[in-house]
Each structure stands twice: as structure tokens, then as C-alpha cells.
Amino acid sequence: MARIEQLSKNLINQIAAGEVIERPVSVVKELVENAIDAGSSKISIEINNECRDIRVADNGSGIHPDDIMLAFSKHATSKIKTTDDLYAIETLGFRGEALSSIISIAKVTCTTRTKDYDYGFKVECANSEVNKTQIGCAVGTIMNVQDLFYNIPARLKFLRNSKTEFSYIQELIQSLALINSNIAFELKNNDKTVLKTNGLGNLSNTIKEVYTKDTVSHLKNVLKTDELSGLKISGYVSTPDYTRSSKKYNIYINSRSVKCPIFQKAIDTAYKNLIAKGKYPFVVLNLELPPTDVDVNVHPTKKEVRYKNTNQVFSFIYAGIDMALSNYTEKSITGTISVVEFKPSENKSQEVSEDIYISDFKPTKPIQETFLKPVREVPSKPTQNYTQPVIQQNKFIDTTIDKEESETDRIIGQYKKTYILIEKDEGLEIVDQHIAEERYIYEKLKSQNEVASQILFLSDVIEVSPTEAQLIRDNKDKFEHFGFEIEVLNDKEVTFKKVPQLLSKVNTKEILADILENLEGDIAGLEEHILITTSCKAAVKAGQELSLFQMQELIKKWRKCEKPYTCPHGRPISKLIPHKELAGFFQRNK
């Protein structure tokens, strides 16, 4: 065995760079996050030479002349000072590893100046060696990285083609631009501007700049706060009828982009039975919580986090998204004290794995609340000068339109005995009659404590497997909750005694077959499968002719749904063809 020797400074930094700098996007991330922490309002990123040359310029605070040389040394940072700071991180960068790692694997030139000096400094770094000279420049910092991995040829071999590497960089800048809408970002690739935001602080406008105008038109505003625990979630989520094929959520913890399975699970659960399998919503959400309640010091990339109270975070995120999709918005108002006690719903359809808890809270009408807030007590014997305290409270406002009070839908007729055609000011709306009523029945049944049943005097004997017979025995209460009474005759035969009144004319064999077939091994989701099957079987069928009155009643009921976007299977309910599109096709817009 060879003798033990002390590694050189440059080799130590190269080893550390293996954890911090995986590919070109890692360099961009560290430099841009430093620019954000420096209070910049403009950040420009230029990528050249197959993503091996990177230039990041900002108008931030710059680096103090006395700190420049120290900034490029290992574990030197302005972000933390004590051990306590490590567990209350409020900045994006904090480890002090980035710059020392970068200069060990690339040729770096830094030009920086603070507002307190009339001159700046130029620092040239290579092989972990740093040289500083005085120079004239604007306030801010320009980091110029060239020949990335020039001294580690093995790392170059593992890089993908330049288009793929740049796509990672573009995705990063898009993510940073969304959460920092008050910063103007510009991204260039080989002198071509790929992304540009105005930095006016409007998230909706930034989404439009990063993505498309059409994306913004399908978004729901998310806003929920809990002052007692210091939690706040804000941002946008798409309506269930606007989905993407890739699961790329823009999620942030205290404005830091993260990959959080708890956050993702809360989103997936909120959209359960709203979107089809293999489809995912568009999400831009930022969760704010006390820095001491979340640990970001888990991995060098700072992408992973741990929470002090995982269940609370999960339930809070889920409730915020569910409220937005149900057309409830939270607004801060002032007024007299109003406290509403929320009782968990008896419906257990929202179930997940045992290690994650989901709140059953779900608002049903416009309400006022001080949810999890301390309430100041009124003295039992108020003095003459006592004034009723005024506190801040939240008001949840239902933004859906009550069609009973508004103008009746102008129904043109029925197409193929399946679709209802509605004339609207903005265009032609096409509604699938089966899916629309299925959504209405699903929400109605879900909100009921008991479902009215119909006794069956005659019922077929249905053959089942021993496993299915035992499943029915073990979950008798769940079936009864939705109006079913099933008698298990033996290990291979069952018969229905009662069914929901909505299904009194549906073949019982067909009902049970659908419930058992759709379970797919998901025993925990039995109630949900019963609910979905009941709604589907009870809804008006495609190909069924409806009178004008029947169509009006169906549409009126559908308009009242909290989530009128998709059926419980995730299929879209309606399609609006804008009048401009129709007029354009017939060349009437000239």
C-alpha cells in the first residue's frame, strides 16, 4: 500500500467539484443564485462553445475589494456565520463551495465593483490560483467561465450534446425567472436571445413570457395562509382540462426550487380523479414557512428538503390547491371576529399511503374563517372604555357563477345525441352530456352523508372469486355508505339487497363487475371506485336524446359543480370554440 500524502489544494477542489458541479447547468445555477442573493434587478446569461463558455452578468451589490480573494477560497461565504444560521437558511447559496470548485475545473474571470468605490477589480482564476488587478467597471459582477472541464477530459466524455445541455440551462433559468418575477432575466445561446423577462414583479406576466399566453388563460390563483404556523402558499395551478405530458412542476420552498416528493404528492392528490392517467397539471407554487421548520442542508445541490412537520405541510399544500380548483379564493379583510369550526368530512375517499396524512377539510359555501389563528378573548366584564377588538381574518369567496341568478344558457341543440351545443358571447361551447352529469352526480354523492337506497325484490346471484367475496365482507360499511347492501351467500356467490336509487334500473352484475374490475389491486381506493362507478352508471348516456328542458336542467346542475372541468376519470367536459376562430375560418374577420 502506498504512503499517505496530503492532497494538493487544486485536487481537493476538483474532488469537491464532482459533487457541486455535475455539468454546465450546475455552474449557471451557482452563479445566477449568487447574483440573486446579491440583490440584482437584472441578470444576463450568455452560453457559447457548446455550453463550455458561460457568462453571467448582474447589477447587484458586487463583491467588496477586501473579500474578493477570499470569495474564491473553499468554504468562504457571506451567507452564514454561525451554526444556528445553518438551520435557518434564507439565501439560495450558503455553502461557500461553488466558486472554489468552479475555478478548479475552468478558467474564470471575475469583474466586480460595489457602489462605495469608483473603481472595481478584475480577478483571473485558473487551477485554483487567483490574481487580482484594479479596473474600471459598472456596479455589479460579471463572471466569465471558459473551457469548462478543460483539465478533466473524463468529465467531458459524459456530457450530452450541446442542445441537451442547453435545454437543462434553459429549464433552470425559466424556473428562476418564475419565482423571481421582480428580476429581469435574459438568456442567450450563441448570441441568440432565447428567453427574456421584464422583471416587473407580475408572476402572471412572467408565466406568459416564459411559456405562452394560452397557458395563463387556464390558470387558477392559489393563495392560502396560516399566520399561527407561519405557512403561506401562493402561485398558480392549471385547470384540470389543461394538462401536460411531463411531470415538471415548478415548486419552491421559500423561493428555492426543490424536488420534493411531499409537495408533488400533495399536487397529485389534489388532482386525483380530475385528470387522466399520464397527464399532469401546470404548476407554479411557492410555499413559505419559517426557515427553522425546513432543512435545506441535505445535499450539495440544495434540491432536497426535510420538514419539521411533514403532515402539516402536506395537508396545507393540498388544501390550498383544492380551494383554488373549487373556485375559492382567500382575501385578507378587517372586521369583527368570526370563527368557523371545520369538522372533518366523513368521506374517506381521499386516501394515500399510511405515512402521509391528508386533511379532509373542504369548504362547501362562501364562508369566513380565522383558520388556526389565535383569537383574542373579550373580557367577561368589559370596562366602559373597552372597544371590541378588530383582527385580521380570511374570507373565502366562491368565484363560481350561480346560474340560477344569471342569464340562462342559450342552448342551440344536441349534436349526435351526445353533445349539447351552447351559444356564448365568446364563442360556441360544446358539452359532453354524459361527462357533465357524471361530474355533478359525483360531487353530489361525495357531499352526502347517506345515499338514498332502493330495495330490490328480485336480484341476480352474481359469481365472484373467494378473494372478491372476502373483500365485500370486509368493506360492507363502505358499500352501505353509498347505498349498496350486498349479501355474501358463500365464497363464490353474492346478491344485492339494495342499490342507490340512481342505479335502480342498472344491471347489478354490471355495477359490481365495474367496481371490482377498476380496483386494480387498490383496496385503499375502494370507496372512490364505488363513487366513480355509481356516478358513471347513473349519468345520462351518450346517444340518449334529450329535450330542451332536460338539456337546460343538466347544464344548470353542471354549472354548480365546484370542479366543472373534467369527469372523475379525467376526461374534459367541455370545449369552447372562440367566435374569432370560427369567424376566421369563414373569413369574416377581415
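Let me begin by describing the structure that accompanies this report. Fair warning: this is a prediction, and the values are worked out from it, not measured in the lab.

**Notes on the overall build of the chain**
And step 1. The secondary structure content of the chain amounts to 18 helices and 28 strands.
And step 2. Out of the 590 residues belonging to the chain, those deemed buried represent 45%.
And step 3. As displayed, the chain offers around 30900 Å² of accessible surface, 48% of which is attributable to carbon and sulfur atoms.

**Re the pattern of salt bridges**
Two side chains carrying opposite charge are able to pair once their charged atoms lie near each other.
And step 1. Summed over the entire model, instances satisfying the criterion amount to 18 salt bridges.
And step 2. Across the pair Glu 553 and Lys 556 runs a salt bridge, and its minimum N-O distance is 3.6 Å. Taken together, the residues Glu 553 and Lys 556, both in helix α17 (residues 548–559) and three residues apart, mark about one turn of the helix.
And step 3. A cluster of three or more residues bridged by salt bridges with shared partners is formed by Asp 409, Lys 424, Glu 429 and Arg 559.

**A short note on the sheet that holds strand β21 (residues 410–415)**
And step 1. The strand order across the open sheet formed by four strands is β21-β22-β23-β28, and the pairing between neighbours is antiparallel. Two strands bound the open sheet, and with one partner strand each, they are β21 and β28 (574–578). Neighbour-to-neighbour, the strand axes of the sheet open up by a mean angle of 20°, direction not taken into account.
And step 2. Note: strand β23 (residues 427–432) against β28, five bridges, orientation antiparallel. What sits directly across from Gly 427, in β28, is Pro 578.

**A word on the packing of aromatic side chains**
The way to describe two aromatic rings as a pair is by their centre distance and the angle between their planes.
And step 1. This structure, assessed with the given rule, holds seven aromatic pairs.
And step 2. An angle of 75° between the planes, with centres 5.7 Å apart, marks the rings of Tyr 119 and Phe 121 as edge-to-face.
And step 3. Judged by relative accessible area, Tyr 119 falls into the partly exposed class, the value being 30%.
And step 4. Its relative accessible area of 10% is what places Phe 121 among the buried residues.
And step 5. Judged by centre distance (5.0 Å) and plane angle (85°), the rings of Tyr 211 and Phe 282 are edge-to-face. With Tyr 211 in the loop between α8 (203–210) and α9 (213–216) and Phe 282 in the loop between β14 (280–281) and β15 (283–288), the pair connects residues that are 71 residues apart, well separated along the chain.
And step 6. Aromatic ring contacts, followed pair by pair, group Tyr 117, Tyr 119 and Phe 121 into a single cluster.
And step 7. The residue whose ring lies beneath Lys 107 is Tyr 150, and the NZ or CZ to ring-centre distance is 5.1 Å.
And step 8. It is Lys 132 that lies over the ring of Phe 121; its NZ or CZ is 4.7 Å from the centre.

**A look at helix α12 (residues 433–447)**
And step 1. Here α12 contains 15 residues, and its C-alpha end-to-end distance of 22 Å stays within 8% of the 21 Å for a straight helix at 1.5 Å per residue.
And step 2. When you tally the buried positions in α12, you get 12 out of 15 residues, the bulk of the element.
And step 3. Of the positions making up α12, those classed as buried are Gln 433, His 434, Ile 435, Ala 436, Glu 437, Glu 438, Arg 439, Ile 441, Tyr 442, Glu 443, Leu 445 and Lys 446.
And step 4. Of the surrounding elements, those touching the buried residues of α12 are β21, β22 (419–424), β23, α16 (526–538) and α17.
And step 5. The opening residue of α12 is Asp 432, an N-cap whose side-chain oxygen sits 3.1 Å from the backbone nitrogen of His 434.

**A word on the sheet that holds strand β5 (residues 129–135)**
Two pairing modes exist for strands in a sheet, parallel and antiparallel, and in both the strands are linked by backbone hydrogen bonds.
And step 1. Spatially, the eight strands line up as an open sheet ordered β5-β4-β3-β6-β2-β1-β7-β8, and their pairing is mixed. Edge strands, defined here as strands with exactly one partner in the open sheet, are β5 and β8 (192–196). Strand-to-strand twist in this sheet, taken as the mean axis angle between neighbours without regard to direction, amounts to 15°.
And step 2. Bridge analysis of strand β3 (residues 107–113) against strand β6 (residues 140–146) gives seven bridges, and the strand direction is antiparallel.

**Re the nonpolar core**
And step 1. Core analysis: the largest hydrophobic core is formed by 55 residues, its most contacted members being Val 32, Ile 45, Phe 72, Ile 173 and Phe 185.
And step 2. Considering each element in turn, this core owes the most residues, eight residues, to helix α7 (residues 162–179).
And step 3. Ignoring sequence-local partners within four residues, the contact set of Val 32 consists of Ile 43, Ile 45, Val 56, Ile 173, Leu 176 and Phe 185.
And step 4. In this structure, Val 237, Ile 253, Leu 285 and Val 313 belong to the second largest nonpolar core, which totals 33 residues.

Cut-offs applied
- Residues numbered from 1 in each chain as written.
- Predicted model: local features only at pLDDT ≥ 70, side-chain atom pairs only at ≥ 80, totals over all residues.
- Heavy atoms only, no water.
- Helix = DSSP H or I, 4+ residues; strand = E, 2+ residues; numbered from the N terminus.
- Buried < 20%, exposed > 50% of the residue type's maximum accessible area, 1.4 Å probe, protein only.
- Areas by Shrake-Rupley, 256 points an atom, 1.4 Å probe, with all protein chains shown as cover.
- Salt bridge = Lys/Arg side-chain N within 4 Å of Asp/Glu carboxyl O.
- Pairing = 2+ DSSP bridges.
- Axes fitted to C-alpha atoms, helices over the stretch in contact; angles between N-to-C directions.
- Phe/Tyr/Trp six-rings, centres within 6.5 Å; stacked < 30°, edge-to-face > 60°.
- Lys NZ or Arg CZ within 6 Å of the ring centre and 35° of its normal.
- Expected span 1.5 Å × (residues − 1).
- Contact = heavy atoms within 4.5 Å.
- Polar contact = N/O pair within 3.5 Å; in protein donor to acceptor, adjacent residues only side chain to side chain.
- Core = buried A, V, L, I, M, F, W, Y, C linked by side-chain atoms within 4.5 Å.

Such coordinate-based values are descriptive only and should not be taken to indicate function.
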